[in-house]
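# Reading the structure
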Amino acid sequence: RTLRVLNDDRVGPGAGFGAHPHRDMEILSYVLDGALEHRDSLGNGSVIRPGQLQHMRAGTGVVHAEYNPSATEPVHFLQIWIVPGARGLAPAYGEYRVDRERAGRDFVLLASRDGRNGSVALAQDVDLWVTHLDGHASRSFDVTPGRSAWVHVARGSVVINGQVLSAGDAAAISGETITLTNGSQAEVLLFDLA
């Protein structure tokens, strides 16, 4: 579907990815531990940490670099690429706060086509949700007929529709309700895809 890449990156102190180009892609960076520094040809530069989501619309073309600014601590982050619904869009950049407290009680919308509820506005029909589960809490998500979900366990472990998944595991699910139970410090991303 339109979820093209979900990289689980760990970068040592002072290391990173030098300047490189992107084009016609919606790129999200989600930091799990540590800090990630970003610089790009649009003049943007910042450091994001856990609880923040970074969005870069590469559109007609952007050159960027990202690296770990710490001299002692590693950074662990997910980088997500989503194919946009149109080519040649104007490049854009933004940073967003994640409501981590609410994610401990429910699914929180991080990104969507229409930017509803303060989410990142993507140029694609994708909803990206996050939730945290620990102990006996449970969550359910109904996948609309004709759509599919990609469920990625970012950290910890959780039972998804009866299957135990651990950090780095994922499941593709269509045509059924998704049920998450028995989380152990689990942080889960759910992509609702057209």
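Notes on the structure in this doc start here. (Residues numbered from 1 in each chain as written. Predicted model: local features only at pLDDT ≥ 70, side-chain atom pairs only at ≥ 80, totals over all residues. Heavy atoms only, no water.)

## Some thoughts on the overall build of the protein
Looking only at helices and strands, the protein features 1 helix and 17 strands. At 16 Å, the protein has a C-alpha radius of gyration in line with the 16 Å of a compact globule built from 194 residues. In terms of its C-alpha atoms, the protein occupies a principal-axis envelope of roughly 45 × 40 × 25 Å. Buried residues in the protein amount to 48% of all 194 residues. Summed over all atoms, the accessible surface of the protein reaches about 8700 Å², with 47% contributed by carbon and sulfur. (Helix = DSSP H or I, 4+ residues; strand = E, 2+ residues; numbered from the N terminus. Rg over C-alpha atoms; globule rule 2.2 N^0.38 Å. Buried < 20%, exposed > 50% of the residue type's maximum accessible area, 1.4 Å probe, protein only. Areas by Shrake-Rupley, 256 points an atom, 1.4 Å probe, with all protein chains shown as cover.)

## Remarks on unusual backbone geometry
Glycine aside, a negative phi is what most residues show, and trans is what most peptide bonds show. Even without glycine at this site, Asn-161 takes up a positive phi of about 50 degrees. Looking at the element boundaries, Asn-161 is found in the loop between strand E14 (148–160) and strand E15 (163–166). On the accessibility criterion, Asn-161 (28% relative accessible area) is partly exposed. We note that Gln-185 has phi near 50 degrees; this positive angle belongs to a residue other than glycine. Positionally, Gln-185 belongs in strand E17 (residues 177–193).

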